[in-house]
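Structural overview
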Amino acid sequence: MYEICACRAEDRIKQTCDSDTASVSDCSPEVSTSNREASVELIKLDISRTFPQLCIFQKGGPYHDLLHSLLGAYACYRPDVGYVQGMSFIAAVLLLNMDVADAFICFANLLNRPCQVAFFRIDEAMMKFYFQTYEEFFKENMPSLFRHFSKTNVTPDIYLIDWIFSLYSKSLPLDIACRVWDIFCRDGEEFLFRTALGILKLYEDILIHQEFILLAQFLTKLPEDISSDSLFKSIELINMNIDKKKFSQILASKKEQGKMEMT
Amino acid sequence: MSYAYLFKYIIIGDTGVGKSCLLLQFTDKRFQPVHDLTIGVEFGARMITIDGKQIKLQIWDTAGQESFRSITRSYYRGAAGALLVYDITRRDTFNHLTTWLEDARQHSNSNMVIMLIGNKSDLEARRDVKKEEGEAFAREHGLIFMETSAKTAANVEEAFINTAKEIYQKIQDGVFDINNEANGIKIGPQHSPSPSLPSSSGGGAQGSGCC
């Protein structure tokens, strides 16, 4: 399966290299809405911008071609999703841990989880429900910080988009991100949001005094010396029950509410 | 640090044109040959001086991939200035300017100052878009235009500062209502217009998208 998709991606990339730019842009409008296979052209721009500090995904590096084929293969396997920025980080982490065919399977399965489906398809309504649910737990766990964020207009999309799209692999040190992945695989998507709250909790004393721009800068570029032990201790402190309701239940009720408002 | 005004900027344009590199060059005066790609939005800030006044720039650096367009659209709100960037070595990034401009005009304040930037001017050998074409596009759409290089820092400082000068001029001319934060301009704490507005005395949070 991987072979087939990888081959198709290769053909597609060759095609676009052979034809001149004019003809590519001529045919793109009609395919862009339903078929995102065309997004393979964007992949090559992003490969070398994935974990640049590791120096293995850059052109000429040992993992450059593998990462390129994996992402190309996925865009052909799921033309309805295509390639979306953030995917290269997830694929890269998998490639660091297993061979390319297994990485492709894991990647496809991982991206098929409800939260990832919502985000990578940029399903704005669903993303909103996730953010709203997250904010309920934020308010429950850190009421004063929550108020400070509302007052300064730091909305969850500002920092959560990067954290969720790259599954923390871009924002946290790689070893910590891998620990997050382990528990995410065990506990499910609520752990992604619990991690976010754990990060806020860890830095609560700093964040509560900062104005908008400092908050935004801090959260989109977390300190590199973040300690794994203190982070996981702080994640543990996060209560993921509100009035005996779990994350999934609150998410379901947000969806329900959303549907009611639509009609 | 205290400032007379705060301007919100947004940097837009196709993926890989060098938006984050321009920002890094402007705020940190350095160049990263391979920059992490931006997912969602990143931020920068710097103080500049115009006409003897301290002005703080709060800069929103957005993701360029088309899929993210629907998300980044909401970031236009309250922006006083926009840097619309293309890559002079990739014609398609120039061809997409019209859609970017439509988006910007539709979702922002009508007075927002837009600076068109042709980036990567150091790569003259690989140039795919003539400088005259950039100038013509800017003239036709009423934008300011500059070619920059985030790598050599050529014109980077000027691009950010000239945009601020234009905004500052509009304030002087009374085009911008500086008491309406939806315009992307905030008056600094020490310049609070009147003591009768208690919420502004802390210099902190008042409702709108910037602070």
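So, how was this worked out
- Residues numbered from 1 in each chain as written.
- Chains lettered and ligands numbered in written order.
- Predicted model: local features only at pLDDT ≥ 70, side-chain atom pairs only at ≥ 80, totals over all residues.
- Heavy atoms only, no water.
- UniProt positions renumbered as here; feature names shortened; annotations may be inferred.
- Contact = heavy atoms within 4.5 Å.
- Buried area = accessible area lost by both parts, 1.4 Å probe.
- Salt bridge = Lys/Arg side-chain N within 4 Å of Asp/Glu carboxyl O.
- Polar contact = N/O pair within 3.5 Å; in protein donor to acceptor, adjacent residues only side chain to side chain.
- Helix = DSSP H or I, 4+ residues; strand = E, 2+ residues; numbered from the N terminus.
- Nonpolar A, V, L, I, M, F, W, Y, C, P; charged D, E, K, R; others polar.
- Axes fitted to C-alpha atoms, helices over the stretch in contact; angles between N-to-C directions.
- Parallel < 35°, antiparallel > 145°, perpendicular 65-115°, else oblique.
- pLDDT = per-residue confidence, 0-100.
- Buried < 20%, exposed > 50% of the residue type's maximum accessible area, 1.4 Å probe, protein only.

- Under an unreviewed UniProt entry, the name given to chain B is Ras-related protein Rab-2, and the organism recorded is Magallana gigas.
- Checking UniProt for chain B, the heading Sequence similarities (unreviewed entry) contains the comment "Belongs to the small GTPase superfamily. Rab family."

- If you look chain A up in an unreviewed UniProt entry, it shows as Rab-GAP TBC domain-containing protein from Magallana gigas.

1. What about the interface of chain A and chain B?
- On the side of chain B, 31 residues touch chain A, which itself brings 34 residues to the contact.
- Carbon and sulfur atoms make up 62% of the area that chain A and chain B hide from each other, which totals about 2,800 Å².
- Among the residues of chain A in contact with chain B, R49, Q85 and I213 of chain A are the three that bury the most area, contributing 22% of the side total.
- At the junction of chain A with chain B, the criterion picks out 2 salt bridges.
- A salt bridge links E42 of chain B to K170 of chain A, with the shortest nitrogen-to-oxygen separation between them at 3.5 Å.
- Scanning the region where chain A abuts chain B turns up 10 residue pairs in polar contact (both at pLDDT 80 or more).
- Among the elements of the structure, α3 (40-47), α5 (87-97), α8 (124-141), α10 (156-165) and α14 (212-220) of chain A are those that each provide at least two residues to the side of chain A that touches chain B.
- Classifying every residue of the side of chain A that touches chain B gives 14 nonpolar, 12 polar and 8 charged.

2. Notes on the packing of α10 of chain A against α14 of chain A
All names here are of chain A.
- Contact geometry of α10 with α14 gives a least axis separation of 9 Å together with a crossing angle of 5°. Between α10 and α14, the angle is such that the two are roughly parallel. Contacts between α10 and α14 pair I158, Y159 and W163 from the former with F212, A216, L219 and T220 from the latter.
- Class assignment for the residues of the contact of α10 with α14 results in 6 nonpolar, 1 polar and no charged.

3. Some details on the confidence of the model for chain B
Residue and element names in this part refer to chain B.
- Of the residues in chain B, 89% reach a pLDDT of 70 or more, and the chain-wide mean stands at 89.
- Overall, residues 193-211 carries pLDDT values under 50, and its contacts beyond four positions in sequence, including any with other chains, amount to 30 contacts.
- Among the prediction metrics, the complex's ipTM stands at 0.88, with pTM recorded as 0.89.

4. Comments concerning the pattern of salt bridges
Residues and elements named next belong to chain A.
- What the rule picks out here adds up to 20 salt bridges over all chains.
- For K201, the salt bridge goes to E204, with nearest N and O atoms at 4.0 Å.
- Taking relative accessible area as the criterion, K201 reaches 26% and is therefore assigned partly exposed.
- Several salt bridges share partner residues, and in doing so they unite R78, D80 and R121 into one network.

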